[in-house]
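# Structural overview for review
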Amino acid sequence: MKKRMIAMLCLVVAISMMVSAAAVAEINRITDEPITLKYWIPLGDKASQVITSNAEIPVYDVLQEKTGVEIEWIHSSNTDTATQLNLLIASKNLPDMIFFNWQNQYQGGLAKAVADQVAIPLNDLIDEYAPNLQALFEKCPELAKQLALDDGTIAMFPSARTDPITRVWFGPQIRQDWLENLNLEMPTNIAEWYNVLTAFKEQDANGNGDPNDEIPFVAAGSDNLKVYLLSFAGAYGLVRMDFCLHGDEVVYSPADPAYKDFLTEMAKWYAEELIDPDFAAMDGASVKSMITTDAAGAFFGSLAGNLGGYNAVLKEVCPEGQIVGAPWVAMADGKVYQQEGEHARALTGNGAIVTTACQYPEIAVQWLDAHLSDEGHMLMVFGIEGESYEMIDGYPTFTDEIMNNPDGLTYDIALAKYSLKPNTFEVMDDDGRCMEQYSLQTEAQKDAAAVWGAGDLSLLMPPVSMTTEESQEYSKIMSEVNTYASECIVKFIMGQMDLNEFDAFVENMNGMGLQRAIEIQQAAYDRYQAR
């Protein structure tokens, strides 16, 4: 009898957990009283091409009709939103809700927004009024850990990527047809990359009869150095030009002894003209031009805009041309580390706070939570059924209005007229079924996403939180350190600084306070692990 009672209790608990983890299927009515909430939110570059306000997006007509809550939209322009937000806060005339990249663009992060009495803690309100967000936490526990502040406070509805496939967007890319022209295998480690790039340079990889017009590897250095060439640092157990983890120890990659080995290899490649000699001055448009005119053999780039977009343009110049995703570069022992921090994060950094000026915080929380109901999720990601998508065999499939827009709009701009996804960087919870249609349209993109997603994530820092004092001290130190490091790294690679000066380079960074910055990052990471 006792065993039976225990079994019944276990069943009840299991059922309760299943119920609590289930999102509300439909959007619920929130109020029958006329309530208007003010919502400040950047419109975004893509959305601003087809709408002037979120009020024009039909999904919000549905949300208003269902919830009874009316929204007064306040949009910033697309330039320097951080400054505009700071001016809004300084005005002391806060709206009810604000959507922003609180984690990465607000000085001091979300904890500072709470300390500044801009955002309110939401824990109790979530417990009572946000079953859909609670279900999302149960579906993706890492999201809850990444969202909570060190003291356990939750202060925003997050923009999330709970489906790991939606986080993979960047990696190494190479001309498959050039490899085939020269009977080369896909490179997997630094030695193999060196051999492949050397062959690209010397053996007429593009087959036009001129062995001297190929640029083996191209990169943009003028505007985003960390994202491009420095991604080869993974072969040395480090990340581009940032902090990483060696076990539970925080390390600043450019100060690690192995970074000297990395720079030595890159300097050799540069001296042997395997790297575009003008990489430090190149921007993204210049790189695109070289790749899509059959002049460049390899680069680091995105899944949709680069791999997908560049292949389409390349085909017009070189019908046999084929860019494919290459594996992340392996260490000598075969270990393969990813370099893109977003691949490891369910939390994007963006999210909606309820401000201290909100007179109806329980209404605001319920309205935000409605986005995460099953019905709300479909609206925000896919838009209006029968217009922007159709259900085909149970799969939400974008219509030709989106994928083959009659006005020639790209899918993301066309979708901005119907759903929230292109308007605010990410919706509350991204959806792999959406990504499959716009980022994984070709076999090359599908294969690339799989190979990039297979890399080890353990080097990548989680989204830690610093105290206000730590953040101020850290920012002051790293502003100087990063500027100096970026300048010296380029000079090391281009041979303008001798690598015998590497120790002095590290000492100079330490003199700027680097060790203190490492201590701050370590303390923040330790607190994160203790959440």
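So, a few notes on the structure that sits alongside this text. It should be emphasised that the depicted structure is a prediction, and the values quoted were computed from it without experimental measurement. For every chain, the first residue of its written sequence is number 1, and the numbers climb from 1 along that sequence. pLDDT decides what is reported in this predicted model: residues at 70 or higher carry local features, side-chain atom pairs at 80 or more are listed and counted, and totals for whole chains, interfaces and linings draw on all residues regardless. Hydrogen atoms and water are omitted, and side-chain values are computed over all heavy atoms in the structure.

### Brief notes about the overall build of the protein chain
Applied cut-off: Put simply, DSSP H or I for four residues or longer makes a helix, DSSP E for two residues or longer makes a strand, and each gets a number counted from the N terminus. In this description the radius of gyration comes from C-alpha coordinates, and the expected globular size is given by 2.2 Å times residues to the power 0.38. For each residue, the accessible area found with a 1.4 Å probe, counting protein chains only, is set against the maximum for its type, and the residue is called buried under 20%, exposed over 50%, and partly exposed in between. It only takes one pair of heavy atoms within 4.5 Å for two residues to be counted as in contact. Each accessible area is a Shrake-Rupley result for a 1.4 Å probe, and residues are judged covered by the shown protein chains and nothing else. As used throughout, the charge tally considers Lys and Arg to be positive and Asp and Glu to be negative, leaving His and the chain termini uncounted. To locate a charge, the coordinates of NZ of Lys, CZ of Arg, CG of Asp or CD of Glu are taken.
Summing up its helical and strand segments, the protein chain has 22 helices and 13 strands in all. On C-alpha atoms alone, the protein chain measures out to a radius of gyration of 25 Å, which is about the 24 Å that the 2.2 N^0.38 rule sets for 531 residues. The principal-axis extents of the C-alpha atoms in the protein chain amount to approximately 75 × 65 × 55 Å. Put simply, the protein chain has 531 residues, and 54% of those count as buried. Counting contacts in the protein chain only where the partners sit at least 6 residues apart, residues at least 24 apart contribute 75% of the total. Taken as a whole, the protein chain presents about 22,900 Å² of accessible surface, with 50% of it coming from carbon and sulfur. Distance between charge centres in the protein chain, computed from 32 positive and 78 negative side chains, equals 6 Å.

### Thoughts on the sheet that holds strand E5 (residues 170-175)
Under the convention used in this document: For two strands to pair, DSSP has to find at least two bridges joining them. Inter-axis angles, ranging from 0 to 180 degrees, are taken between N-to-C directions of lines fitted to C-alpha atoms, where helices are fitted over the stretch in contact.
Pairing in this open sheet of four strands is mixed, and the strands run E6-E9-E5-E10 from one edge to the other. Only two strands of the sheet have a single partner each, and these edge strands are strand E6 (215-217) and strand E10 (323-325). Strand-to-strand, the axes of this sheet are offset by a mean angle of 30°, without reference to chain direction. Where E6 lies against strand E9 (residues 296-302), two bridges are found, and the strand directions are parallel. Its bridge partner being in E9, Ile215 is matched across the sheet by Ala296. In the packing of helix H12 (residues 284-292) onto the sheet, contacts are made with E5, E6, E9 and E10, and the angle to E9 comes to roughly 135°. Of the strands in this sheet, E5, E9 and E10 touch helix H13 (residues 303-317), which is tilted by about 145° from E9.

### Considerations on the sheet that holds strand E3 (residues 97-101)
On the basis of which strands lie adjacent, the open sheet formed by five strands has the order E2-E1-E3-E11-E4 and mixed pairing. The outermost strands of the open sheet, each flanked by one partner alone, are strand E2 (69-74) and strand E4 (157-160). Between one strand axis and the next, the sheet turns by 25° as a mean value, whatever way the strands run. Two elements, strand E1 (residues 35-40) and E2, share six bridges in a ladder whose sense is parallel. For Trp40, the partnering residue across the bridge sits in E2 and is Ile74.

### Let's talk about the pattern of salt bridges
Just so we agree on the cut-off: A pairing counts as a salt bridge when a side-chain nitrogen of Lys or Arg comes within 4 Å of a carboxyl oxygen of Asp or Glu.
Across all of its chains, the model carries 19 salt bridges by this definition. Connected through salt bridges with shared partners, the residues Asp150, Glu470, Arg527 and Arg531 form a single ionic network.

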